[in-house]
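Coordinate inspection notes
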Amino acid sequence: MAENKNGQDKTEEPTAKRLEDSRKKGQVPRSRELNTMAITLVGTLSLVLMSGQMGDGLSQLMSDNFTISRVEVFDSNAMLERLKQATIDSFILLGPFFIIMPVVAILSSVILGGIAFSTQAMAPKLSKLSPLKGFKRMVSVKSLVELLKTLAKFGLVGGVTALLLNYLIEDFLVLNTMELHQGVSRMGDLIGWSIVLISSTLIFVAMIDVPFQIWDHKKQLKMTRQEIRDEMKETDGRPEVKSRIRQLQQEMAQRRMMDEVPKADVIVTNPTHYAVALRYDQVNMGAPKLVAKGADLIAANIRNVATEANVPIIESPILARAIYFSTDLDRAIPAGLYHVVAKLLAYIFQLKVYTEQGGLSPGEPDLSVPEDFKGGKYDS
C-alpha cells in the first residue's frame, strides 16, 4: 500500500483540489501505447485504402513530368511551371494522409487525460539530474511494468507476424508466376493488409495499458487522512474563504426570504428602518409566522417587493420593532404578541373585503404592544 514520507498509508481518494492541482502541474493520465496503436493502425490502414488512388496519381504524375518536349527542355520558365504544378499535384494527392495523421496523433494523446497545458511541467527540474533518483526510477514498479509491456508487445507482434507469414507463404511464392504489373499489385495488397493486421495486435496492448495508466495516476494522487485534514484547514481556514462563504450564505438566505414576501398577508414597517412580513394559515399554522424581516436596505427591498405583489403595508413602528427583535425568521411570533397581531390580521381581512365588495370601511386597529416588547427588546 502506498505510503507518504511520514509512513502513513494513502488510503483516501484524491479531493477535487488535489485533482485540480495535479492538472495544473500537467499530471494527467497518458498512454503511449494508445498513441502508438492509433498512429500505427490508422496510418497503415489509410495507406492501404488510399494506395490505389495514390498509386494511380503518382503514375500519372511521373508520366506527365517525364514526357517533356524538346521546346520545354530549353525553356526554363516551362520547367519551373512544371515543377510548380507537380508540387501542387503532390500536395493534393498526399494531403488527406498528412491531414489525418496529425489529427489522430493529437486526439489519441488527449483522449485519455484531456488537454492539459502546464508551464510547471515545462520548467526544468534539477531533481531529474540526480543519479540516485534516476536509479530509483529504473528499479521502480513502473519501470518493471514498462519492461513487461515491451516484452509482451514484442512477443505478441512477433508471434502474430510469424503466424501470418506461415499462413501467407504460399501466396508470396505464387507472386513469381504472375505478370509484373499484376504481381506488384498483389504483393502490395499482401504486405499492406499484413501490416494492418499486425498493427491491430497493438489494440490488446492498449487495452491493458489504458486501465493501468488510469489506476497508476489515481494511486499516485491518493492521500492520507492527515493530508485531507491539512487541505481542509488550508482551504476552509483562510479568512477570505470563510468571509466569501458567509457572504454567499447570506445572499442565498436573502433570496429565499425575498421569495416569501409575495406570499405574506401583511408587511409591518417602522416605517423606514425596519420591515417584517407575516403570514397566517388557519389550517396549517397554530400562530402567525415571520417569513421575512430586515433593516434599512433590506427593509426597503421588502417594501418594494411587497408593493409589486400588492401585499398590504402597515406602518406601526413599535410593533415592527417588537416583532423584529423578538422573533426569528420562519418562527411563530411570541405568545405575548398574539392579541395585537390577531387584531392586525383581522383588520387586513376586513380591508380586503371592503376593497373587493365595498360596504363599511374598517376602522384603524389598536396596535398597542405589551410593555415587555417595547424598546426594541423582548424580555422573556
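None of the values given here were measured: they were computed from a predicted structure. (Residues numbered from 1 in each chain as written. Predicted model: local features only at pLDDT ≥ 70, side-chain atom pairs only at ≥ 80, totals over all residues. Heavy atoms only, no water.)

Some words on the overall build of the protein chain
Check the secondary structure of the protein chain and you find 14 helices and four strands. Out of the 380 residues in the protein chain, the part that is buried amounts to 29%. A separation of at least 24 residues holds for 72% of the contacts in the protein chain among residues at least 6 apart in sequence. (Helix = DSSP H or I, 4+ residues; strand = E, 2+ residues; numbered from the N terminus. Buried < 20%, exposed > 50% of the residue type's maximum accessible area, 1.4 Å probe, protein only. Contact = heavy atoms within 4.5 Å.)

Overview of the pattern of salt bridges
Proximity of charged atoms lets side chains of opposite charge pair with each other. Tallied over the full model, the rule gives three salt bridges. When the shortest N-O distance is used, the salt bridge between Lys-153 and Glu-33 registers 3.0 Å. Of this pair, Lys-153 sits in helix 7 (residues 141-173) while Glu-33 sits in helix 2 (residues 32-66), and the two are 120 residues apart along the sequence. Each member of the salt-bridge network shares a partner with another, and the members are Glu-260, Lys-263 and Arg-279. (Salt bridge = Lys/Arg side-chain N within 4 Å of Asp/Glu carboxyl O.)

Details of a nonpolar patch on the surface
Together, Leu-144, Leu-147, Leu-148 and Leu-151 give the surface a local cluster of nonpolar side chains, amounting to about 400 Å² of exposed area. Mapped onto the elements, Leu-148 comes out in helix 7. (Patch = residues over 30% accessible without salt bridge, like charges linked within 9 Å, V, L, I, M, F, W, Y side chains within 5 Å. Areas by Shrake-Rupley, 256 points an atom, 1.4 Å probe, with all protein chains shown as cover.)

Some details on the pairing of strand 1 (residues 266-269)
Taking every second residue as pointing to the same face, both faces of strand 1 are buried, with Val-266 and Val-268 on one and Ile-267 and Thr-269 on the other. Taken together, the four bridges between strand 1 and strand 2 (residues 274-279) define a ladder with antiparallel strand orientation. Note that in strand 2 the partner of Ile-267 across the bridge is Ala-277. Linking strand 1 back to strand 2 in an antiparallel pair, the connection comprises four residues. Relative to strand 4 (residues 313-315), strand 1 runs parallel, the two being bridged by three bridges. Following the sheet pairing, Ile-267 is matched in strand 4 by Ile-313. (Pairing = 2+ DSSP bridges.)

Some words on the packing of helix 2 against helix 8 (residues 180-200)
Describing two packed helices takes the angle between their axes plus the distance from one axis to the other. Their axes nearest at 9 Å, the elements helix 2 and helix 8 cross at an angle of 160°. Between helix 2 and helix 8, the crossing angle belongs to the class labelled roughly antiparallel. The chirality of how helix 2 crosses helix 8 is left-handed. Across the interface between the two elements, Thr-40, Leu-41, Thr-44, Leu-45, Val-48 and Leu-49 of helix 2 pack against Gly-192, Trp-193, Ile-195, Val-196, Ser-199 and Ser-200 of helix 8. Taken together, the residues that form the contact of helix 2 with helix 8 break down as seven nonpolar, five polar and no charged. (Axes fitted to C-alpha atoms, helices over the stretch in contact; angles between N-to-C directions. Parallel < 35°, antiparallel > 145°, perpendicular 65-115°, else oblique. Left-handed = near helix turned anticlockwise from the far one by under 90°. Nonpolar A, V, L, I, M, F, W, Y, C, P; charged D, E, K, R; others polar.)

A look at the packing of helix 2 against helix 9 (residues 202-221)
Between helix 2 and helix 9, the shortest axis-to-axis distance is 8 Å and the interhelical angle comes to 155°. Taken together, the axis directions place helix 2 and helix 9 in an arrangement best described as roughly antiparallel. Where helix 2 crosses over helix 9, the handedness of that crossing is left-handed. Listed contacts from helix 9 to Arg-32, Glu-33, Leu-34, Thr-36, Met-37, Thr-40 and Leu-41 of helix 2 are Leu-202, Ile-203, Val-205, Ala-206, Asp-209 and Val-210.

Observations regarding the nonpolar core
Membership of the largest hydrophobic core comes to 23 residues, with the highest contact counts inside it found for Leu-278, Leu-319, Ile-323, Leu-337, Val-341 and Leu-344. Looking at this core, the elements with two or more residues in it are strand 1, strand 2, helix 13 (317-326) and helix 14 (338-357). It is helix 14 that contributes the most residues to this core, six residues altogether. In contact with Leu-337, other than residues within four places in its own chain, are Ala-322, Ile-323, Ser-326, Val-369, Pro-370 and Phe-373. (Core = buried A, V, L, I, M, F, W, Y, C linked by side-chain atoms within 4.5 Å.)

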